[in-house]
Amino acid sequence: MLEIFSFGDAGWGDEILQGLMITIQLAIVTLPVGLFLGFLVAFMSLSRLRALRYTGIGYTTIMRGLPEILTLFVVYNGVGILLNTLIQWWNPESGSINFSPFAAGVIALGMVFGAFAGEVIRGAFNSLDAGQAEAGRAIGMNQRQIFLRIQLPQLWRFALPGLGNLWINMLKDTALVSVIALDDLMRMTKVAVGVTKQPFTFYLAACLIYWALCLLSEVVLARMERRANRGVRRA
């Protein structure tokens, strides 16, 4: 049994490890993209300008209502067609290019993560005490100083549990990129199953690996929450 997971030509350990590394890389690269979109969408939703507010609300409504795999297909095929169209318009003699499945996965998962993160951040921002911002203005702070020194630390503390749940969901959703030929953990597992005809063995191994990643994430998130809540008196 363990021989099929060995490294080298005799087993599938190399392929599974390679897929695991791509899965981790995809999740890590997607996280800052999703957080940036989340903050942007949250601030747009909280804007006093009606156009920005409706744009932010519309984005979260649409993205949260679409299946993640459909978003992935639209990004992978749509962006690829758009890039080739622009290239042909700019230089008709140039050939077509293939849109990277990794980039498509980052964009699609980042867009989904950003939509849900925007709602989490908006809720956290609404939980802040408005009197603290007024106190900051009273002592001469500008809006940037108020946000960085007063609001952002508390915003992070309120939003961290929700963002942690979104991270774990996104970590599992990376398995969707296997359908666009990215050699992540799920795709390499499918290849191993197709060759060895041992679906239970390899899918069980994949389950354990994803579970271990989520468990490690929960441990790290718990420590981050304890650090974010240091000095906060519990009721």
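Look up a bit, the structure's there.
The structure contained in this document is the topic of the report that follows. (Residues numbered from 1 in each chain as written. Predicted model: local features only at pLDDT ≥ 70, side-chain atom pairs only at ≥ 80, totals over all residues. Heavy atoms only, no water.)

## A closer look at the side chain of Asn 229
- Along the polypeptide, Asn 229 turns up in the segment after α8 (199-228).
- Residue Asn 229 is classed as buried on the basis of its relative accessible area, which comes to 15%.
- At a separation of 2.7 Å, a polar atom in the side chain of Asn 229 contacts the main-chain carbonyl oxygen of Glu 225. (Helix = DSSP H or I, 4+ residues; strand = E, 2+ residues; numbered from the N terminus. Buried < 20%, exposed > 50% of the residue type's maximum accessible area, 1.4 Å probe, protein only. Polar contact = N/O pair within 3.5 Å; in protein donor to acceptor, adjacent residues only side chain to side chain.)

## Looking at the environment of Gly 164
- Along the chain, Gly 164 turns up in helix α6 (residues 143-173).
- On the basis of relative accessible area, Gly 164 is assigned to the buried category, the value being 4%.
- Put simply, Gly 164 and Ser 217 are 53 residues apart on the chain and 8.2 Å apart in space, counted from C-alpha to C-alpha.

## Notes on the nonpolar core
- Core analysis: the largest hydrophobic core is formed by 41 residues, its most contacted members being Leu 26, Trp 167, Met 170, Leu 171, Val 177 and Phe 202.
- Those elements that provide at least two residues to this core are α1 (13-45), α3 (68-90), α4 (101-126), α6, α7 (185-196) and α8.
- When residues in this core are grouped by element, the largest group, 9 residues, is from α6.
- Apart from residues no more than four positions distant in its own chain, Phe 202 is found in contact with Ile 4, Phe 5, Trp 12, Ile 16, Thr 189, Ala 192, Val 193 and Thr 196. (Core = buried A, V, L, I, M, F, W, Y, C linked by side-chain atoms within 4.5 Å. Contact = heavy atoms within 4.5 Å.)

## Topic: the packing of helix α2 (residues 50-65) against α4
- Contact geometry of α2 with α4 gives a least axis separation of 9 Å together with a crossing angle of 125°. Classified by the interaxial angle, the pair formed by α2 and α4 is oblique. Helix-helix and strand crossings are classified by hand; for α2 and α4 the assignment is left-handed. In contact with Tyr 59, Thr 60, Met 63 and Arg 64 of α2, α4 contributes Met 111, Val 112, Ala 115, Phe 116 and Glu 119. (Axes fitted to C-alpha atoms, helices over the stretch in contact; angles between N-to-C directions. Parallel < 35°, antiparallel > 145°, perpendicular 65-115°, else oblique. Left-handed = near helix turned anticlockwise from the far one by under 90°.)

## Side note on unusual backbone geometry
- Phi at Ala 181 is positive, roughly 70°, even though this residue is not glycine.
- As for its placement among the helices and strands, Ala 181 is situated in the loop between α6 and α7.
- On the basis of relative accessible area, Ala 181 is assigned to the partly exposed category, the value being 44%.
- Backbone geometry at Lys 197 places phi at a positive 60°, although glycine is not the residue there.
- Take Lys 197: it is sitting in the loop between α7 and α8.

## Some words on the packing of aromatic side chains
- This model, assessed by the stated rule, comprises 4 aromatic pairs.
- Ring geometry for Phe 39 versus Phe 43: centroids 6.1 Å apart, planes at 45°, classification tilted. Of the two residues, Phe 39 and Phe 43 are both situated in helix α1; the distance of 4 residues between them amounts to about one turn of the helix.
- Ring centres of Phe 43 and Phe 147 lie 5.7 Å apart, and the angle between their planes is 75°; on these two criteria the pair is classed as edge-to-face. One end of the pair, Phe 43, is in helix α1; the other, Phe 147, is in helix α6, with 104 residues separating them in the sequence.
- A relative accessible area of 35% means that Phe 43 is categorised as partly exposed.
- Among the aromatic side chains, those forming a connected cluster through ring pairs are Phe 39, Phe 43, Phe 125 and Phe 147. (Phe/Tyr/Trp six-rings, centres within 6.5 Å; stacked < 30°, edge-to-face > 60°.)

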